[in-house]
Amino acid sequence: MGRPATPDDVDTICRSLPEVELGVTWGDRPTYVVRGRGFVLFRAPDRHAVDPATGEPYDDLLVVTTPSMEAKEALVADPSLPFFTIDHFRRTSAVLVSQSRLGELDVEELREVITDAWAARAPKRLVREHLGDTDG
């Protein structure tokens, strides 16, 4: 495993991708966007996402877009990864991850997940220009 990922790596990786800005979505939530479409969102604590260990709402969640429901399920099903979902997101192609658990990933794993999120929301031409030919 490479260097463990940190919350700072989220910003570094997102801003390294073409045409990414830190904007606002869902009313007031900081969100990394590509051409106005969010792909990584800082989620506000609420009653839909409660830490089972404490019973308190998570206060450090990221919502990360996935390219498909299959990709979401693969991330959630892998017990070695810190990604999860909640009932509130059952029909959404996105996973949740606590920033406090990002260190369970190495930087390259985080880069892959964030790049996939960006590619799922960016215009196809921009994705091709940045990543080359893709199946998506």
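One numbering rule holds for all chains: residues counted from 1, following each sequence as written. Local features are withheld for residues below a pLDDT of 70 in this predicted model, meaning they are given only at 70 or higher, and side-chain atom pairs are given and counted only at 80 or more; totals for whole chains, interfaces and linings count all residues. Calculated side-chain values reflect all of the structure's heavy atoms, with hydrogen atoms and water omitted.

In space, the 5 strands of this open sheet follow the order S1-S2-S3-S4-S5, with antiparallel pairing throughout. Because the sheet does not close on itself, it has two edges, and the strands there are strand S1 (20-25) and strand S5 (94-98). Each neighbouring strand pair of the sheet contributes to a mean axis angle of 30°, computed without reference to strand direction. Each of S1, strand S2 (29-34), strand S3 (37-42) and strand S4 (61-65) touches helix H1 (residues 7-16); the most contacted strand, S2, lies at about 30° to it. Being paired, for any two strands, means DSSP has found at least two bridges between them. Numbered from the N terminus, helices here are DSSP runs of H or I no shorter than four residues, and strands are runs of E no shorter than two. Note on geometry: axes are lines fitted to C-alpha atoms, helical ones only across the stretch in contact, with angles between N-to-C directions running from 0 to 180 degrees. We call two residues in contact whenever any of their non-hydrogen atoms come within 4.5 Å of each other.

By secondary structure assignment, the location of Phe-42 is in strand S3. Between the alpha carbons of Phe-42 and Gln-99 there is a distance of 9.5 Å; along the sequence they are 57 residues apart. Apart from residues lying up to four places away in sequence, Phe-42 is in contact with Leu-22, Arg-29, Pro-30, Tyr-32, Leu-61, Leu-62 and Gln-99.

Positionally, Thr-115 belongs in helix H3 (residues 107-121). Accessibility here uses a 1.4 Å probe with only protein chains present; expressed as a share of the type maximum, an area under 20% marks a residue as buried, one over 50% as exposed, and anything in between as partly exposed. Since its relative accessible area comes to 14%, Thr-115 is described here as buried. Other than its neighbours up to four places away in sequence, Thr-115 contacts Leu-17 and Leu-131.

Before going further, it helps to examine unusual backbone geometry. Unlike most non-glycine residues, Trp-26 shows phi in positive territory, near 50°. Within the secondary structure, Trp-26 is located in the loop between S1 and S2. The class of Trp-26 is exposed, set by a relative accessible area of 54%. With a phi close to 50°, Arg-35 is a non-glycine residue in the positive phi region. For Arg-35, the location among the structural elements is in the loop between S2 and S3.

Two side chains carrying opposite charge are able to pair once their charged atoms lie near each other. By definition, a salt bridge exists where a carboxyl oxygen of Asp or Glu is found within 4 Å of a side-chain nitrogen of Lys or Arg. As enumerated under the stated definition, the model contains 8 salt bridges in all. Residue Glu-19 pairs with Arg-35 through a salt bridge whose shortest N-O separation is 2.5 Å. Note that Glu-19 is positioned in the loop between H1 and S1 and Arg-35 in the loop between S2 and S3, a separation of 16 residues in sequence. The shortest N-O distance in the salt bridge between Arg-111 and Glu-108 comes to 3.3 Å. A residue pair is termed a helical-turn pair when its members lie 3 or 4 positions apart in one helix, as Arg-111 and Glu-108 do in helix H3 at 3 residues.

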